[in-house]
Amino acid sequence: VLSVWWAIGQIIPAGVAWGFLPNYSCSADTPAGQCMKADNMGWRYLMYTMGGFTFLLWAGRFFLFHLHESPKYLIGQGRYVEAVEVLDAVAKYNKTTQPLTVEALEQIEVNHRSSNTIKALPPVNKKTAVKRAFAQFKPNGFPHVRALFSTLKLAYSFVLILLIWGMIGLASPLYSNFLPEYLAEHGARAGDDSINTTYRNNYIIIICSLPGTVVGGWLIGLKYIGRRGTLGYSLIVTAVFLFAFTTARTEAANLGFNCVSTFTQYIMW
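Every value quoted in this text rests on a predicted model; they were computed, and no experiment measured them. (Residues numbered from 1 in each chain as written. Predicted model: local features only at pLDDT ≥ 70, side-chain atom pairs only at ≥ 80, totals over all residues. Heavy atoms only, no water.)

1. Section: the overall build of the protein
When its secondary structure is counted, the protein shows 12 helices and 0 strands. The C-alpha atoms of the protein give 26 Å as radius of gyration, which overshoots the globular expectation for 269 residues (18 Å, by more than 25%). Structurally, the protein occupies a C-alpha span of about 80 × 50 × 45 Å along its principal axes. Burial analysis of the protein (269 residues in total) assigns 20% to the buried set. Side chains of the protein give 22 positive and 14 negative charges; the mean places of these two sets differ by 12 Å. (Helix = DSSP H or I, 4+ residues; strand = E, 2+ residues; numbered from the N terminus. Rg over C-alpha atoms; globule rule 2.2 N^0.38 Å. Buried < 20%, exposed > 50% of the residue type's maximum accessible area, 1.4 Å probe, protein only. Lys, Arg positive; Asp, Glu negative; His and termini not counted. Charge placed at Lys NZ, Arg CZ, Asp CG, Glu CD.)

Encoded structure:
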């Protein structure tokens with residue numbers, strides 16, 4: 001459900017773009033070189049607005065909210081007192097308590113050193129961090145990566161996940177950005193292709209992603225569907241609608257298939 005913020009993050013600039021670009025841009029039939037700056041301020045207004053909005057959010061994040069340092073990082077630095085203080089603060093915010101103490105952390109360190117199973121690491125500074133990074137390139141380096149291939153099943157699972165996300169990363173921009181340009185270059189038309197209609201449809205399509213994230217969060221909680229069922233069924237439904245998309249011949253059908261496909265895709269996210 002947290003991916004709803006990704007959808008909202010797209011809805012805001014899409015709405016701003018729909019407001020500015022159709023009203024402050026040169027028409028599509030303006031000859032090259034004749035579109036003056038004063039007549040084409042839409043994209044500049046868009047950048048000013050989103051830049052100002054981003055700055056306000058940064059200021060709010062910086063001055064109104066306090067995010068604590070990572071306890072894991074503090075423990076790695078040997079700063080046990082600060083780590084426990086952070087955990088205590090987080091527990092207090094959530095109206096509970098946490099059992100970890102400075103004495104417990106110090107005792108764990110003593111036990112490890114006395115057993116000689118783990119050597120004490122030098123203090124982490126820039127020089128030490130660089131040395132550790134380059135040490136990974138020695139023989140038998142990158143233990144975390146090699147661990148992914150420690151068994152046949154783990155290697156198989158990792159390679160599948162890598163390929164799936166690679167194809168998703170490739171397919172998304174191809175479908176969203178390249179395909180419309182490719183079809184337009186080859187004479188495809190689906191009704192009104194004015195700037196206003198283009199950005200209006202874009203806004204509507206992005207709006208459809210919002211309920212998709214919520215439905216996905218609801219489905220994974222159902223007993224007989226769960227995470228695997230949600231991913232599998234939404235993937236199949238998305239594929240069906242993408243294939244059906246090829247039958248679109250009108251502007252309404254084009255928009256409709258885009259909306260449904262976006263909705264089902266965001267269930268997977």
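2. Considering helix 10 (residues 209-219)
Those residues of helix 10 lying buried are Ser209, Gly212, Thr213, Gly216 and Leu219. Axial view of helix 10: buried residues confined to an arc of 130 degrees, hence all on one face. Along its buried surface, helix 10 packs onto helix 1 (4-20), helix 9 (195-207), helix 11 (226-245) and helix 12 (251-268). (Arc of directions from axis to C-beta. Contact = heavy atoms within 4.5 Å.)

3. Some remarks on the pattern of salt bridges
Evaluation of the coordinates by the stated rule reveals 2 salt bridges. Between Arg79 and Glu82 there is a salt bridge whose closest N-O contact spans 3.0 Å. Glu82 gets classed as partly exposed once you look at its relative accessible area, which sits at 34%. Between Arg200 and Glu251 there is a salt bridge; the shortest N-O distance is 3.1 Å. Highlighted residues: Arg200 in helix 9 and Glu251 in helix 12, separated in sequence by 51 residues. Glu251 sits in the partly exposed class, given a relative accessible area of 23%. (Salt bridge = Lys/Arg side-chain N within 4 Å of Asp/Glu carboxyl O.)

4. Overview of the side chain of Thr264
Considering the arrangement of structural elements, one finds Thr264 in helix 12. For Thr264, a relative accessible area of 5% corresponds to the buried category. Among the polar contacts listed, one links the side chain of Thr264 to the backbone oxygen of Ser261, at a separation of 3.0 Å. Those residues in contact with Thr264 that sit more than four places away from it in its chain are Ser234, Val237 and Thr238. (Polar contact = N/O pair within 3.5 Å; in protein donor to acceptor, adjacent residues only side chain to side chain.)

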